[in-house]
Amino acid sequence: MLRFDDLQLFVRAADLGSLSAAARGMDMSAAVASAALKRIEQQLGARLLARSTRSLRLTAEGEGFLEYARAALSNLDEGRRLLASGQDQVSGVLQLSAPSDFGRNLLLPWLDEFQREHPKLTVRLLLGDRIADLFRQPVDIALRYGEPEDSSLVALPIAPHNRRVLCAAPSYLARHGEPRQLEQLAQHNCLLFMLGSRVHDHWSFHDGKREVSLTVSGDRFSDDADVVRLWAVAGAGIAYKSWLDVAADVLAGRLKVLMPELLCERAPLNLLCAHRAQLSKPVNLLREMLASRCTHIGGQFPVLAGVDH
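All values reported here derive from a predicted model rather than from experimental measurement.

Draft legend 1. Broad picture of the environment of Leu44. Looking at the element boundaries, Leu44 is found in helix H3 (residues 30-44). Remark: the alpha-carbon pair of Leu44 and Leu2, spanning 42 residues in sequence, is separated by 8.6 Å. Residue contacts for Leu44: discarding those within four places in its chain leaves Leu2 and Phe65.

Structure (C-alpha cells):
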C-alpha cells in the first residue's frame, strides 16, 4: 500500500524539481527522502524520477502518475476536512426548562439563532416558573433565577450579578404619582407573582447603609412572571422584576425604573443540571452564548453595571 507521506514527497519533488528541497520542506533528511522515493517506485514497479547529481526530472511514467497522485492527495485532504467538519457539528436533542418571562422574551429568539448556527440540533423547551425536577422531568438543564435550593445540583452562573428592579409604566405613574421613598409603596398597587409555592410579597432593598424589607400588597398576582410584566407595561401597578426581564421595556420607555439609587435583591441566573455528564457540547455552547448576551444586557443599566456586586 502506498504511504501518504511518500506520495506527498513525490509530488513536492516534482513541483520543486529537487528531492533535497522537498525533503527540507517536509522536515526529513535527504537519506530518508531517497528511501521513500525508492519505496514508492518499488511498489509501483516503475521509475518516477530521473535523478543526477545536479538535476531531477519526471520520467514518462512519473508524468502519468503525477496527476493521479495529486488527485489522491486532494481527495484525502477533502476527506479529512469533511471528517473535521462533522466533528465540529452540534447535533442531537437539547432539552431545557426556563422561567416564563425570560424564556418567551429573551431565550426564544436566542434559541432561534442558536439553531440556525447548528441546524442539526433539536430543541425541546419547557417554560414555567416552578422549579423543574431535573431527576424526574424530561429535561437535561434548567435556567433558574436565585440560588438552587437543592445542593446536589450542578449550578453554573449565567448572569451572577443580575438584580431585581422596581419599575412601573409612565401611564401608571401619571395617574398615581411616582414613589420617592420605600414607605410610599404601601400606597401603590404592587403586582405580585408566585415564587416557588408562595406569593412573593416580601421585597428587600439596600439603601447603601442598611437592609430594608417590607411586605407589599396589590389587587392581582399570577404564577406566570411574564403576566406580571405585561400588567406592569399596561399600567396596572408597580412590579419588582429581574432586570433581564424588563431591560427591553425600560430601554424602550414602556417601563421606568423607580428609586434607581436603591440596590434591590440579587436575582442571579444559573444553569442547573443533575450531573456534570449532562454538560454536553451543545449545552456548553449555549451556556457561553447566554452568558455573553446576559452580560451585555446587564451592562445596559449603569446603576447595575457600576455597583459593587
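Draft legend 2. Region of the structure containing the pattern of salt bridges. Inspection of every chain in the model, using the stated rule, returns 17 salt bridges. Note that Arg104 and Asp226 form a salt bridge whose closest N and O atoms lie 3.5 Å from each other. Taken as a pair, Arg104 in helix H5 (residues 100-117) and Asp226 in helix H7 (residues 225-233) lie far apart in primary sequence, 122 residues in all. Residue Arg104 is classed as partly exposed on the basis of its relative accessible area of 35%.

Draft legend 3. Representation of the nonpolar core within the structure. Ranked by internal contacts, the top residues of the largest apolar core, which has 44 residues, are Phe102, Leu143, Trp243 and Leu286. In this structure, Phe10, Ala23, Leu37 and Leu48 belong to the second largest nonpolar core, which totals 20 residues.

Draft legend 4. Fine view of the side chain of Asp140. Relative to the helices and strands, Asp140 resides in the loop between strand S4 (121-127) and strand S5 (141-145). Of the side chains with opposite charge, Arg124 lies nearest to the buried Asp140, which makes no salt bridge, at 7.9 Å.

Draft legend 5. Representation of the sheet that holds S5 within the structure. Strand order in the open sheet formed by five strands is S4-S3-S5-S16-S6, and the pairing between neighbours is mixed. Both edges of this open sheet fall to S4 and strand S6 (154-159), since each of them pairs with a single strand only. Sheet twist, expressed as the average angle between the axes of neighbouring strands with direction ignored, equals 25°. The pairing of S6 with strand S16 (residues 269-273) spans five bridges and is antiparallel. Looking at the pairing, Ala159 lines up with Leu269 of S16. H5 rests against strand S3 (92-98), S4, S5 and S16 of the sheet, and its axis sits at about 175° to S4. The sheet contacts of helix H9 (residues 281-298) involve S3, S4, S5, S6 and S16, and relative to S6 the element is tilted by about 35°.

Draft legend 6. Focus on the packing of H5 against H7. The N-to-C vectors of H5 and H7 enclose an angle of 70°; their axes lie 6 Å apart at closest approach. By the criterion of interaxial angle, the relationship of H5 to H7 is roughly perpendicular. Contact residues: Ser100, Asp101, Arg104 and Asn105 in H5; Ala225, Asp226 and Arg229 in H7. Counted by class, the contact of H5 with H7 contains one nonpolar, two polar and four charged residues.

Draft legend 7. H5, seen in detail. Along its 18 residues, H5 runs 24 Å from first to last C-alpha, staying within 8% of the 26 Å computed at 1.5 Å per residue. Taking the largest bend as the criterion, H5 deviates by roughly 50°, centred on Leu107, and proline Pro109 comes between one and four positions later. Those residues of H5 not exposed but buried are Ser100, Asp101, Phe102, Gly103, Leu106, Leu107, Trp110, Leu111 and Phe114.

Draft legend 8. Just the sheet that holds strand S9 (residues 198-199), in detail. Strand order in the open sheet made by the three strands is S9-S8-S12, with mixed pairing throughout. Strand pairing shows two members of the sheet lacking a second neighbour, S9 and strand S12 (221-222), which therefore form its edges. Relative to S12, strand S8 (residues 192-195) runs parallel, the two sharing two bridges. In the strand pairing of S12, Leu192 is matched with Phe221.

Draft legend 9. Quick peek at the environment of Ala142. For Ala142, the location among the structural elements is in strand S5. The class of Ala142 is buried, set by a relative accessible area of 2%. When the C-alpha atoms of Ala142 and Gln95 are compared, they prove to be 8.7 Å apart, with 47 residues separating the residues in sequence.

Draft legend 10. Representation of the pairing of S8 in the model. Bridging between S8 and S9 involves two bridges; their strand directions are antiparallel. Bridge pairing in S9 links Leu195 to Arg198.

Rules used in this analysis
Residues numbered from 1 in each chain as written. Predicted model: local features only at pLDDT ≥ 70, side-chain atom pairs only at ≥ 80, totals over all residues. Heavy atoms only, no water. Helix = DSSP H or I, 4+ residues; strand = E, 2+ residues; numbered from the N terminus. Contact = heavy atoms within 4.5 Å. Salt bridge = Lys/Arg side-chain N within 4 Å of Asp/Glu carboxyl O. Buried < 20%, exposed > 50% of the residue type's maximum accessible area, 1.4 Å probe, protein only. Core = buried A, V, L, I, M, F, W, Y, C linked by side-chain atoms within 4.5 Å. Lys, Arg positive; Asp, Glu negative; His and termini not counted. Pairing = 2+ DSSP bridges. Axes fitted to C-alpha atoms, helices over the stretch in contact; angles between N-to-C directions. Parallel < 35°, antiparallel > 145°, perpendicular 65-115°, else oblique. Nonpolar A, V, L, I, M, F, W, Y, C, P; charged D, E, K, R; others polar. Expected span 1.5 Å × (residues − 1). Bend = angle between axes of the 7 residues up to and from the residue.

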